[in-house]
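Coordinates in review
If you want the building blocks of each chain, they are given just below.
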Amino acid sequence: MNVFRPAALALALVGALGVGSYTPPALAATAPAVNIPYESFTLPNGLRVIVHTDRKAPIVAVNVWYHVGSKDEPAGRTGFAHLFEHLMFNGSENAPGEFFTPFKAVGATDQNGTTNSDRTNYFENVPTTALDMALWMESDRMGHLLGAIDQPTLDEQRGVVQNEKRQGENQPYGQVWDELGRIMYPAGHPYHHSTIGSMNDLNAASLDDVKTWFKTWYGPNNAVLVLAGDIDLATAREKVTKYFGDIPAGPSMAQPAINVAAHTSNTRSAMTDTVPQSRIYRIWNVAQYGQPDIDRLDLFARVLAGGKSSRLSKRLVHDDQLVDSVRAMVSASQLGSNFIITAAVKQGGDVARVEAIIDEELQRLLRDGPSAEELNRARTGIEADWVRGVERIGGFGGKADVLAECTVYTGKPDCYRDVLKTLAEASTDSVRAAGNSWLGAGKGSHTLVVNPGPRVPIAEEPAVAPTPFVIPKPDPRYTTVTSDVDRKAGPPMPTRFPDLIFPNQQRATLSNGTKVILAERHDIPVVQMSYEFRAGQAADPANRPGLASFTMGLLDEGAGERDSLAFADRAEALGANLGASAGLDGSSGYLSALKQNLDASVALYADMLRRPRFEQADIDRVRGQWIAGIRQEKVNPNALTARVMPQLVFGAGHPYAAPRTGSGTEASIGGLSRADLQGWHDRALRPQDATLVVVGDTTLAEILPVLERHFGDWKPAGDAAAANAIPAVAAQPRPRVFLIDQPGAVQANITAAELLPPSSDPKSTEYDMANMVIGGDFTARLNMNLREAKHWSYGAGSGAGGSIGPRLWMARAPVQIDKTGEAVAEMRREITDYANGTRPASAEEVEGMERVLTLSLPGAYETARSVLGTITSNVLFGRPDDYVFRRKAEIEAMTPGQVNAAARVFSPNALTWVIVGDLKQIEAPVRALNIGEVTVLDADGKPVPPKP
């Protein structure tokens, strides 16, 4: 349940290609077209229904969009749309309780709801046999909600939303977007206030207010329902009519007039925040969603600062090295959009000089337009992202989302065709003209600079008398149909479920000794692959934490005959997405390639893995960015905990004691030499010890010759990296508490950690199930207590990642800072009562979590990337090909007794607590709990001497 703004199609691509004596084939000019065929109908009550058939998996995406957002909130009523989105998850008249509960019981995936300035949506993917249940639930809250909303429910979700607001503001630079909304849009404009609203207005919301909001905006004639997946038109018409047809229409509400609110002069402002470096935000108001100029501005943004090969990146990151990152993008909205440039200035750098260069490059692009090569690269990159995105039927950006968005904003479910047509026809002249129309002379922008300093909370605007709500009359043009649905009987729960289907895996071995595993997926013309190597972060020398991650991160900074920028240019021209990274126990190189450019993309991929350049200039540049990233981690509460917790739990010298972010320390990264990087590469990336996993639109007969041509003669350059033994760690004999000061924080981030046995342990799945009950799901105990019952937190949970050695289990909860002590006590009580058997897992809880983990599996492998991830995990841990089936059977057979026995692994006396927050507000209440020795740490995890 998120605040969300629509984003432009453009996403940054990072990639690479290599050559040698081999001459790659000519490249396709653009990405292949991928269409979303649909059929539609409208019920007599005005509900518009869009149907897309995709039989690749036995699931259906259900996506409901209501055409109401924060733009529709009158004065004194800010935050209502988002608050109501939350209320819609608290049950309806005929399905009281948590809306999630029946969906968890059938294995729903990708379930959520979001609100932005223009619309509110709710979505879930369900097994085909559970479609009736999903439609019953969605129709019950559309037509039968008001009787379920009472004062306690309103108070609960008001508190959750307010903690969501605190959580956002507590992040570095977290106040920027609220401030920019006020600046860019005048008072009274629908976009002047933030979607999440003001604390004053949220506090003032009454029960009658929210009920009136529902009656006004949540009628079927203000909604679009998209069903995508294992469904056809006839089935959809029958079921939707049955469940939604008798819901009376609401009023037909007029949408606000388009109001771009373009500025005529440049303005600027500044603010301070507890951040390590200055950040520049420059923003223009531009055309509304659906206008062709928005798509041309996407191209303009990509050329200007859309990736490594963009103009501002070349100038500011590579050449002058004044910033750690720079980005331009378009955020499209219904009444008007934003063109945004952001730049993270190097610590202590010259902000004015960076601003001057941004303007210089902008003016040059406005004057000359992009080159033909730049335009083609940008177009291919955007189209390639489109192809990858619509592999999914549901969730954020999937096909159901695309059809719903187009229908709500333009009335045309296939408006994406217009976008793709505009992109295909865009020329240097049309992109330059669009830039000048919206960013050129006479089109003012605002520049906001955030500088390091004390965080000064933005004062809320003075409270205004709320505009009285008036309920318009229902639109008489719409009628209803009779329904025989027995609402009192509750939702129709399925008695059978689709079988888990996981693709067959084919095997081969390359001449270099690499094992190849192929899983065919022919849904979209894309092939993905991951080269899996055995050495990871745990193999870093004790005095070189971060070496593995830093080295792997340098692989795509130039390889073969191409330097860093030429490498990025080639990747974008191919529409390829590639990179490399190090995990805790292994490292990998990744490629996502358009099938039409597969051979050339694999050539580039081979250069990246085999022949990285490791040029000193690139090492120095990336080192500066990397250290800036470490400093950013130290001001982000979650990242800071991930840095500090491992050394506290594992102890100095243990291979897992380094920061779990993988970034190392400023000292270690600062001391790395080119020889260190080359040595790691030569020792760790050994093809004869590796596995190459391929998933996508190819066959073994097609892909093997390509792989042989580019990898077959790859020989190791060095001795194998010495695999660090991963020793066991003695359990802590008593609880310990560590506090880290975050001055001015409005939340405390609480984390409790201890160790579980390795992933290879025979009882690993039992431990996973035990974790599900305490914190592994929205409906688990920690979240239901701290969020739903107490509404002190936006969300709480727990989990342990997989590892060859001991697994780090952490329970987390960001809470409002005045509830820190009580929240720690509640977390400790929940863990203690569960572990010692005072409150064991019930049969109902275990059955519910079993369903969550098993019935969701048919929908869990919808994408090639999810299949790739499971296979690479099996490779890392030496699991059989049918592991997903074995684990499913193990979970289904698990008893409450087994789960409760496994829960004893959570020893409350062995917990290490790390709490990040404003020390002046958290220290006294935490010490008063007397749960263990309390130590104050700095951001490096070193004890802070007590004040005299």
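First, a word on what this report is: a plain description of the structure on this page. (Residues numbered from 1 in each chain as written. Predicted model: local features only at pLDDT ≥ 70, side-chain atom pairs only at ≥ 80, totals over all residues. Heavy atoms only, no water.)

1. A look at the overall build of the protein
Helix and strand counts for the protein come out as 32 helices and 26 strands. Taking 948 residues into account, the globule formula puts the C-alpha radius of gyration at 30 Å, and the protein, at 28 Å, falls close to it. Seen through its principal axes, the protein has C-alpha atoms that stretch 75 × 70 × 65 Å. Among the 948 residues that make up the protein, the fraction classed as buried is 60%. Long-range contacts, defined as pairs at least 24 residues apart, comprise 84% of the intrachain contacts of the protein with a sequence gap of at least 6. (Helix = DSSP H or I, 4+ residues; strand = E, 2+ residues; numbered from the N terminus. Rg over C-alpha atoms; globule rule 2.2 N^0.38 Å. Buried < 20%, exposed > 50% of the residue type's maximum accessible area, 1.4 Å probe, protein only. Contact = heavy atoms within 4.5 Å.)

2. Some words on the side chain of Asn121
With respect to the helices and strands, the residue Asn121 is situated in strand S8 (residues 120–127). Classification of Asn121 as buried rests on a relative accessible area of 1%. A polar contact is formed between the side chain of Asn121 and the side chain of Thr114, at a distance of 2.5 Å. (Polar contact = N/O pair within 3.5 Å; in protein donor to acceptor, adjacent residues only side chain to side chain.)

3. Things to note about the nonpolar core
In terms of nonpolar packing, the biggest core is built from 73 residues, with Leu304, Phe339 and Leu439 touching the most fellow members. Here this core takes eight residues from helix H9 (residues 292–305), the largest share from any one element. If we skip the residues at most four places from it in the chain, Leu439 touches Trp284, Val286, Leu297, Phe300, Phe339, Leu362 and Leu366. Counting 58 residues, the second largest nonpolar core, distinct from the first, contains Leu43, Val64, Phe100 and Ile149. (Core = buried A, V, L, I, M, F, W, Y, C linked by side-chain atoms within 4.5 Å.)

4. Some words on the pattern of salt bridges
Evaluated as defined, the whole model comprises 68 salt bridges. Among the salt bridges present, the one from Lys308 reaches Glu557, with a minimum N-O distance of 3.1 Å. Taken together, the residues span a long stretch of sequence, with Lys308 in the loop between H9 and helix H10 (311–319) and Glu557 in the loop between helix H16 (547–554) and helix H17 (564–574) at a distance of 249 residues. For the pair Lys308 and Glu557, one class covers both residues: buried. (Salt bridge = Lys/Arg side-chain N within 4 Å of Asp/Glu carboxyl O.)

5. Considerations on helix H20 (residues 637–650)
An ideal rise of 1.5 Å per residue puts 20 Å on 14 residues; H20 measures up with 20 Å between its terminal C-alpha atoms. For H20, the principal kink sits at Val644 and spans about 30 degrees; a proline, Pro646, occurs within the next four residues. Counting buried positions along H20 gives 12 out of 14 residues, so the element sits mostly inside the fold. Taken as a whole, H20 has its buried residues at Pro637, Ala639, Leu640, Thr641, Ala642, Arg643, Val644, Met645, Pro646, Leu648, Val649 and Phe650. On its buried side, H20 packs onto helix H19 (616–633), strand S21 (736–741), strand S22 (747–756), strand S24 (807–816), strand S25 (912–917) and strand S26 (933–937). Between the side-chain oxygen at the start of H20 and the backbone nitrogen of Asn638 there is a gap of 3.1 Å, and the oxygen is on Asn636. Once H20 finishes, Gly651 follows within two positions and takes phi at roughly 90 degrees, a positive value. (Expected span 1.5 Å × (residues − 1). Bend = angle between axes of the 7 residues up to and from the residue.)

6. Here we look at the sheet that holds S24
Spatially, six strands are ordered S23-S24-S22-S25-S21-S26 in an open sheet, and the strand pairing comes out mixed. Sheet topology places strand S23 (797–800) and S26 at the edges, where each strand pairs with a single neighbour. Geometrically, the sheet is characterised by an average inter-axis angle of 20 degrees between neighbouring strands, direction not taken into account. The pairing of S22 with S24 spans 10 bridges and is antiparallel. Within S24, the position partnered with Ala748 by the bridge is Val815. Sitting on the sheet, helix H24 (residues 764–775) is in contact with S22, S23 and S24, with an inclination near 165 degrees to S23. (Pairing = 2+ DSSP bridges. Axes fitted to C-alpha atoms, helices over the stretch in contact; angles between N-to-C directions.)

7. Structural notes on the state of the cysteines
Under the counting rule described, the total for this entry stands at one disulfide. Two residues, Cys406 and Cys415, share a disulfide whose sulfurs are 2.1 Å apart. Between Cys406 and Cys415 the disulfide shows an S-S torsion of about -75 degrees. By sign, it is left-handed. Cys406 sits in the buried class, given a relative accessible area of 2%. (Disulfide = S-S within 2.5 Å.)

8. Regarding the pairing of strand S16 (residues 515–520)
Bridge count for strand S15 (residues 506–509) against S16 is four bridges, and the pairing is antiparallel. Considered in S16, the bridge of Ala508 is made with Val516. The turn joining S15 and S16, which pair antiparallel and follow one another in sequence, is formed by five residues; a positive phi near 95 degrees is taken by Gly513. Pairing of S16 with strand S20 (residues 691–696) involves six bridges; the strand directions are parallel. For Lys515, the partnering residue across the bridge sits in S20 and is Thr691.

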